[in-house]
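Residues per chain, in single letters:
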Amino acid sequence: MLGRMTEMTETPRTRRRAPSMSPDQRREMIIAAALPLIADHGAAVTTSTIARVAGIGEATIFRVFADKEELLDACMAEALSPDHAIRELGCIDLDQPLAERLAQSAEALQAHLVRLGAVAGSLHASGHRRRQAPSRQQTTGTDMSTERGMGREKSLAKVGAAVAELLEPDRHALRRPPNQIAALFLGLLFTQARDRDQPVLATADLVEVFLHGALTAQPS
């Protein structure tokens, strides 16, 4: 018995160390942990809560972000970015029927809009406003509303290009080029009425109407 205890004592304990992260990876991890919390609590969420959910010390947040406001701004920028949705569009199997490809793209883009609305709405309701860089305004005189509009146009162009790629296998069957069809599809998807009297169409119904029109049969 004593021999076993001695053997156990002498056997070194090996502890697994968490893999190190680059600054960019750590930043992404913190933002990913913060986004759902901000959607629920807005600007009232504490950095200690974010740190606990991320599994890090609170001090780590302030090694990446200057303060909480900078973290909130970074989360808003991430919610606005279409990059996550575009990556999902890029994963859609092009061998599937066109209707299925469009339905999956609609689901990915609607999820992006829901996340954006939840984060932006919660931050706005809690009184948070994104900070602007005074020095940039003073030196360039940039109109911020124009800049935001350009950002939206670029985002929409990137999404349109990704949807057009999903249409390419059926180019021969399309009445217009894929980029134009993609723009029409996004117009229908993004302008749906969202109220009690006119609920959002299910993705399959939206795709059905888009591909085959509003009529159930040709009029006599």
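Residues numbered from 1 in each chain as written. Predicted model: local features only at pLDDT ≥ 70, side-chain atom pairs only at ≥ 80, totals over all residues. Heavy atoms only, no water.

On a plain count of helices and strands, the chain comes out with 11 helices and zero strands. N-terminal to C-terminal, the α/β element order of the chain is α-α-α-α-α-α-α-α-α-α-α. Expressed as a percentage of the 220 residues in the chain, the buried residues total 30%. Considering only residue pairs separated by 6 or more positions, the chain has 65% of its internal contacts joining residues 24 or more positions apart. Entry remark: accessible area of the chain is about 14900 Å², with carbon and sulfur atoms responsible for 54%. (Helix = DSSP H or I, 4+ residues; strand = E, 2+ residues; numbered from the N terminus. Buried < 20%, exposed > 50% of the residue type's maximum accessible area, 1.4 Å probe, protein only. Contact = heavy atoms within 4.5 Å. Areas by Shrake-Rupley, 256 points an atom, 1.4 Å probe, with all protein chains shown as cover.)

Our focus in this paragraph is the confidence of the model for the chain. The predicted model of the chain has a mean per-residue pLDDT of 84, with 77% of residues at 70 or higher. The element-level mean pLDDT for the chain is lowest in helix H8 (residues 134–140), coming to 44, with helix H3 (residues 47–54) highest at 96. With pLDDT under 50 throughout, residues 14–18 is counted as low confidence; its partners more than four residues away or in other chains account for zero contacts. Here residues 134–142 is a poorly scored stretch, pLDDT under 50, and it has six contacts once near neighbours within four places are set aside; other chains count. (pLDDT = per-residue confidence, 0-100.)

To continue, consider the pattern of salt bridges. Applying the stated criterion to the full structure yields four salt bridges. A salt bridge links Asp170 to Arg101; the nearest nitrogen and oxygen atoms lie 2.5 Å apart. Taken together, the residues span a long stretch of sequence, with Asp170 in the loop between helix H9 (144–167) and helix H10 (178–190) and Arg101 in helix H7 (residues 98–125) at a distance of 69 residues. Put simply, Glu168 and Arg171 hold a salt bridge, and the shortest N to O gap is 2.9 Å. Accessibility expressed as a relative area gives 44% for Arg171, which makes it partly exposed. (Salt bridge = Lys/Arg side-chain N within 4 Å of Asp/Glu carboxyl O.)

The next thing to look at is the packing of aromatic side chains. Taken as a whole and assessed by the stated rule, the structure comprises one aromatic pair. Seen from their ring centres, Phe185 and Phe210 are 5.2 Å apart, and the 65° between their planes marks the pair as edge-to-face. In this pair, Phe185 sits in helix H10 while Phe210 sits in helix H11 (residues 203–212), placing the two residues 25 residues apart along the sequence. (Phe/Tyr/Trp six-rings, centres within 6.5 Å; stacked < 30°, edge-to-face > 60°.)

With that settled, the discussion passes to H7. A turn of α-helix holds 3.6 residues, and therefore any two residues three or four places apart point the same way. With 28 residues, H7 extends 40 Å between its outermost C-alpha atoms, agreeing within 8% with the 40 Å of an ideal straight helix rising 1.5 Å per residue. Of the residues flanking the end of H7, it is Gly127, one or two places downstream, whose phi is positive at about 90°. (Expected span 1.5 Å × (residues − 1).)

Between H7 and H10, whose axes approach to 11 Å, the crossing angle comes to 50°. Regarding the angle of H7 to H10, the classification is oblique. Relative to H10, the crossing made by H7 is right-handed. Side by side, H7 and H10 meet where Leu102, Ser105, Ala106, Leu109, Gln110 and Leu113 of the first sit next to Phe185, Leu186, Leu189 and Phe190 of the second. Its residues assigned to classes, the contact of H7 with H10 shows eight nonpolar, two polar and no charged. (Axes fitted to C-alpha atoms, helices over the stretch in contact; angles between N-to-C directions. Parallel < 35°, antiparallel > 145°, perpendicular 65-115°, else oblique. Left-handed = near helix turned anticlockwise from the far one by under 90°. Nonpolar A, V, L, I, M, F, W, Y, C, P; charged D, E, K, R; others polar.)

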